[in-house]
Structures are given as structure tokens and as C-alpha cells.
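A structural walkthrough
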Amino acid sequence: MKRSDIKQPPCYFDKYIDLVPDVELADAFRASLDELDGVDVAALDRVGDNVYAPGKWTVKDILQHLIDAEHVLSYRALRIGRNDKLPYTGFDEAEMAANVSTANRTVADILDDLRIVRKSTAAMFATFTDEAVQRFTVVNDRQMSALAFGFSIIGHQKYHLEIIREMYVPLDQM
């Protein structure tokens, strides 16, 4: 199914969903992997553990955040896709980021982890029927379908890679 097949876009995740072209979800997952393959690891290594302003995340922290968020969002999509109706809760991304250390990891290692998670997420979505991806639940007072979570995951990556390009590595160097 395509992005335009999302029946009721959630208000918070629209900023991510809207960054993804109106293509089939499987194609969007493939394109997101291609985007990761195009990341210039050497350029990000040169940035190191520097931040562009006090209190901001390092490049490695941003990439780890993508992994952590994808785990949470894909778990939610799994529950929706399998018709699990138990209540959902939010998650505190700042608390999660404060409790992981990326200092002892390389950019390449973290990107490899992100690719593995993305391939797993794409494989999970491939098991869903059209009916399953259109199911929805309420998370933090917002209606979300499994399909919306899929496109949110991809748009979330686009959003944060753009921050890396703007704040850490100029476009012509990444």
C-alpha cells in the first residue's frame, strides 16, 4: 500500500510521513536502505562525538535514536497488524537517549545495526495483509494505523538525516 492509502494520518507523525514519496511501502523501505548505503561514513567519523550546540545529540546518538524509535514503532505496528487490542503507551526518547552510550561504538557499527533493524521491519511489514496495515489503534490520544507507523519510520529517518546534513555535514560532503 502507498502513503496515500493512510486513511487518517496522525497529527504528530505527519511531519515524518509527509517526507516520504507516495510509493508502495515495500519500495519506501528499499529506498530507505539505499539512503543509508549512501551515507558517507568517513564524513560522519570526522564529526566524531562533537555536537553543534550544548545539549544536542552527537551524530552517533541520532543514529542510535533512529534504531531505538524504530524498535518501538515497529513493535506498535506488529501489535496492530496482529490485532492486539491491549492499551498502548508512549515512550520517552530523551530518557532512552540518556541511557545508551554510543561513545564506544563507530558510526559504521551503528549504521549496520540500523540496516539490520530496517530489514527486519520491512520483513515484518511484508507479512501483513492490506487489512492488517489499515487497522489502527490509539496511541497517546492519536489514531495510528500500522501503515502510518511504517511510513513514519521511513520519514523519521529522512528527518534526522536531514538534520545531520544541515547541522553536522554539508550536503556536498555526505
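Our subject is the structure that appears above.
Let us look at the structure shown here. Predicted model, so just to flag it, every value in this text is computed and none were measured. (Residues numbered from 1 in each chain as written. Predicted model: local features only at pLDDT ≥ 70, side-chain atom pairs only at ≥ 80, totals over all residues. Heavy atoms only, no water.)

Before going further, it helps to examine the overall build of the chain. Helices and strands together make up the secondary structure of the chain, namely eight helices and two strands. From first element to last, N terminus to C terminus, the chain shows the α and β order α-α-α-α-α-α-α-β-β-α. Taken over the C-alpha trace, the chain has a radius of gyration of 16 Å; the compact-globule value for 174 residues is 16 Å, and the two agree within 12%. Over its C-alpha atoms, taken along the principal directions, the chain stretches across nearly 45 × 30 × 25 Å. Put simply, of all contacts in the chain between residues at least 6 apart along the chain, 76% involve residues at least 24 apart. When the accessible area of the chain is evaluated, it comes to approximately 8,900 Å², of which 51% is carbon and sulfur surface. (Helix = DSSP H or I, 4+ residues; strand = E, 2+ residues; numbered from the N terminus. Rg over C-alpha atoms; globule rule 2.2 N^0.38 Å. Contact = heavy atoms within 4.5 Å. Areas by Shrake-Rupley, 256 points an atom, 1.4 Å probe, with all protein chains shown as cover.)

The next subject is the packing of aromatic side chains. What describes a pair of aromatic rings is the distance from one ring centre to the other and the angle between the planes of the rings. Scanning the model with the defined rule gives eight aromatic pairs in all. Judged by centre distance (5.2 Å) and plane angle (80°), the ring pair of Y16 and Y159 falls under edge-to-face. Taken together, the residues span a long stretch of sequence, with Y16 in helix α1 (residues 14–17) and Y159 in helix α8 (residues 146–167) at a distance of 143 residues. Here Y16 falls in the buried class, since its relative accessible area comes to 6%. When its relative accessible area of 29% is taken as the criterion, Y159 is described as partly exposed. A centroid spacing of 5.5 Å and a plane angle of 45° characterise the contact between F29 and F125, whose relative ring orientation is tilted. Remark: F125 occurs in helix α6 (residues 107–126) and F29 occurs in helix α2 (residues 25–37); sequence separation between them is 96 residues. Residue F29 is classed as buried on the basis of its relative accessible area, which comes to 2%. Linked through ring pairs, Y12, F13, Y16, F149 and Y159 together constitute an aromatic cluster. (Phe/Tyr/Trp six-rings, centres within 6.5 Å; stacked < 30°, edge-to-face > 60°. Buried < 20%, exposed > 50% of the residue type's maximum accessible area, 1.4 Å probe, protein only.)

This part is about the pairing of strand β1 (residues 136–139). With burial as the criterion, only one face of β1 is covered, namely that bearing T137 and V139; the residues F136 and V138 on the opposite face remain uncovered. The sheet contact formed by β1 and strand β2 (residues 142–145) spans four bridges and is antiparallel. In the strand pairing of β2, V138 is matched with Q143. With antiparallel pairing between neighbouring strands as the criterion, β1 and β2 make up a hairpin whose turn holds two residues, including N140 at a positive phi of roughly 50°. (Pairing = 2+ DSSP bridges.)

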